[in-house]
Amino acid sequence: MGFRNLGPLGSIVKEAWEKAFSVGKFFCFLHVVNTYLVTPAVTIGPSMLPAIDMTPTLFLCERFSTRSGKLTCGDIVIIRSPQNPKRRLAKRLVGMENDTITYISNPDKPDKQETIVVPKGHVWIQGDDINNSKDSRNFGAVPYGLIEKRPFWKVLPAKDFGPFWKH
């Protein structure tokens, strides 16, 4: 059965079908870009001061370096929270697997330090503001698979628009 058999409605149905198909292809394209290439992320809170403000900040984030294992210590990443999977956290990557990390376990007592070797398949993340951050010091090393993306471009606030590589 073709659109010709529908009589005068055939051209209308054909045009509607073509438009719907184009819209469907566009949404498939957006899905692929968002899932595998670039996606937005909003951060808010004090844990990454001074690199990221406390005000809501919109970033463009890339996903290919997390999938290809190209992350390095010092990168800021967005991870899925190991304590609450509905939340995302922005933290600095401090250690990769097999790295030895010495950290201050209690910010109120800076002389109390602990040392850990990051297990295989895990990373150590910390917020830049040690007094206002829930990070690996609280919940331990994080599985690499929880890293979702890496911010590379600050979009909002508009005064800070531009690249966000190594902060």
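Our subject is the structure listed above.
These numbers were taken from a predicted model, which means no experiment stands behind them.

### Quick look at the pairing of strand β2 (residues 57-62)
Item 1. As judged from the six bridges shared by strand β1 (residues 38-43) and β2, these two strands associate in the antiparallel manner. Its bridge partner lying in β2, Val-42 is registered against Leu-58.
Item 2. The pairing of β2 with strand β9 (residues 147-156) spans five bridges and is antiparallel. In the sheet register, Leu-60 faces β9, and the bridge partner there is Trp-153.

### Observations concerning the side chain of Asp-75
Item 1. Within the element layout of this structure, Asp-75 appears in the loop between α2 (64-68) and β3 (76-80).
Item 2. Within the structure, Asp-75 has its side chain in polar contact with the backbone nitrogen of Thr-72 (distance 2.9 Å).

### Description of the packing of aromatic side chains
Item 1. What the rule picks out here adds up to four aromatic pairs.
Item 2. The interplanar angle of 65° and the centroid separation of 5.8 Å between the aromatic rings of Phe-26 and Phe-27 together place this pair among those described as edge-to-face.
Item 3. Taking relative accessible area as the criterion, Phe-26 reaches 47% and is therefore assigned partly exposed.
Item 4. Assessed through its relative accessible area of 53%, Phe-27 is described here as exposed.
Item 5. A ring pair is formed by Trp-153 and Phe-161, whose centres lie 5.6 Å apart and whose planes are at 75°; its orientation type is edge-to-face.

### Side note on the pattern of salt bridges
Item 1. The final tally for this structure, using the stated rule, is eight salt bridges.
Item 2. The salt bridge partner of Lys-154 is Asp-160, with a shortest N-O separation of 3.9 Å.
Item 3. Classification of Lys-154 by relative accessible area gives buried; the value is 7%.
Item 4. Judged by its relative accessible area of 25%, Asp-160 falls in the partly exposed class.
Item 5. The partner of Asp-160 in a salt bridge is Lys-159, and the shortest N-O contact between them spans 3.3 Å.
Item 6. With relative accessibility at 68%, the residue Lys-159 sits in the exposed group.

Analysis parameters
- Residues numbered from 1 in each chain as written.
- Predicted model: local features only at pLDDT ≥ 70, side-chain atom pairs only at ≥ 80, totals over all residues.
- Heavy atoms only, no water.
- Pairing = 2+ DSSP bridges.
- Helix = DSSP H or I, 4+ residues; strand = E, 2+ residues; numbered from the N terminus.
- Polar contact = N/O pair within 3.5 Å; in protein donor to acceptor, adjacent residues only side chain to side chain.
- Phe/Tyr/Trp six-rings, centres within 6.5 Å; stacked < 30°, edge-to-face > 60°.
- Buried < 20%, exposed > 50% of the residue type's maximum accessible area, 1.4 Å probe, protein only.
- Salt bridge = Lys/Arg side-chain N within 4 Å of Asp/Glu carboxyl O.

It is worth stressing that arrangement in space is one thing and function is another; only the former is reported here.
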